Amino acid sequence: MATTIGLIRHGVTEWNNLSKAQGVSDIPLNEEGIEQAAALAKRLSSEEWDVIFSSNLTRARQTAEIIQQCLGVPVFNDERIREIN
């Protein structure tokens, strides 16, 4: 049995639009980022996924939680996988 791993970047934040580096700054998604996460969740809903791992930064958590609502799989947040400066 093969294992499939998908890598997903968080949705857009206001800082992305301002071309500001976010690094470990805890910036939330903006409306566009929320819409992006919802569109991705819809796209992923036709596939079988078992779990979501996410950084503990707000923008990544929000993206993961929106996808989780659609897929109904557990989300595990871990600071060890967040951006490093």
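Being a predicted model, the structure only gives us computed values, none of them experimental.

A. The arrangement of helix α2 (residues 31-44) in detail. In a regular helix each residue adds 1.5 Å, so 14 residues correspond to 20 Å; α2 covers 20 Å between its end C-alpha atoms and thus fits that length. Buried residues along α2 sit in contact with α3 (58-71). With a side-chain oxygen positioned 3.1 Å from the backbone nitrogen of E32, the residue opening α2 is N30.

B. Geometry of the nonpolar core. Residues A41, L44, I52, A64, I67, V73 and V75 constitute the largest nonpolar core, which totals 7 residues. Those elements that place two or more of their residues in this core are α2 and α3. Not counting chain neighbours up to four residues away, the residues in contact with A41 comprise I66, I67, C70 and L71.

C. Fine view of a nonpolar patch on the surface. A grouping of V51, F53, F76 and I81 is seen on the molecular surface, where their side chains present a nonpolar patch of about 390 Å² in accessible area. When you line up the elements, F76 lands in strand β2 (residues 75-77). Taking relative accessible area as the criterion, F76 reaches 44% and is therefore assigned partly exposed.

D. Fine view of α3. The first and last C-alpha atoms of α3 sit 20 Å apart over 14 residues, in line with the 20 Å expected at 1.5 Å per residue. Structurally, α3 contributes buried residues whose contacts are with α2, β1 (52-54) and β2. Directly after α3, the chain includes G72, whose backbone phi takes a positive value near 70 degrees.

E. A negative patch on the surface, seen in detail. On the surface, a cluster of negative charge is made up of E14, E31, E32 and E35. Here the negative patch takes 3 residues from α2, the largest share from any one element. As for its placement among the helices and strands, E35 is situated in helix α2.

So, how was this worked out
Residues numbered from 1 in each chain as written. Predicted model: local features only at pLDDT ≥ 70, side-chain atom pairs only at ≥ 80, totals over all residues. Heavy atoms only, no water. Helix = DSSP H or I, 4+ residues; strand = E, 2+ residues; numbered from the N terminus. Expected span 1.5 Å × (residues − 1). Contact = heavy atoms within 4.5 Å. Polar contact = N/O pair within 3.5 Å; in protein donor to acceptor, adjacent residues only side chain to side chain. Core = buried A, V, L, I, M, F, W, Y, C linked by side-chain atoms within 4.5 Å. Buried < 20%, exposed > 50% of the residue type's maximum accessible area, 1.4 Å probe, protein only. Patch = residues over 30% accessible without salt bridge, like charges linked within 9 Å, V, L, I, M, F, W, Y side chains within 5 Å. Areas by Shrake-Rupley, 256 points an atom, 1.4 Å probe, with all protein chains shown as cover. Salt bridge = Lys/Arg side-chain N within 4 Å of Asp/Glu carboxyl O. Lys, Arg positive; Asp, Glu negative; His and termini not counted. Charge placed at Lys NZ, Arg CZ, Asp CG, Glu CD.

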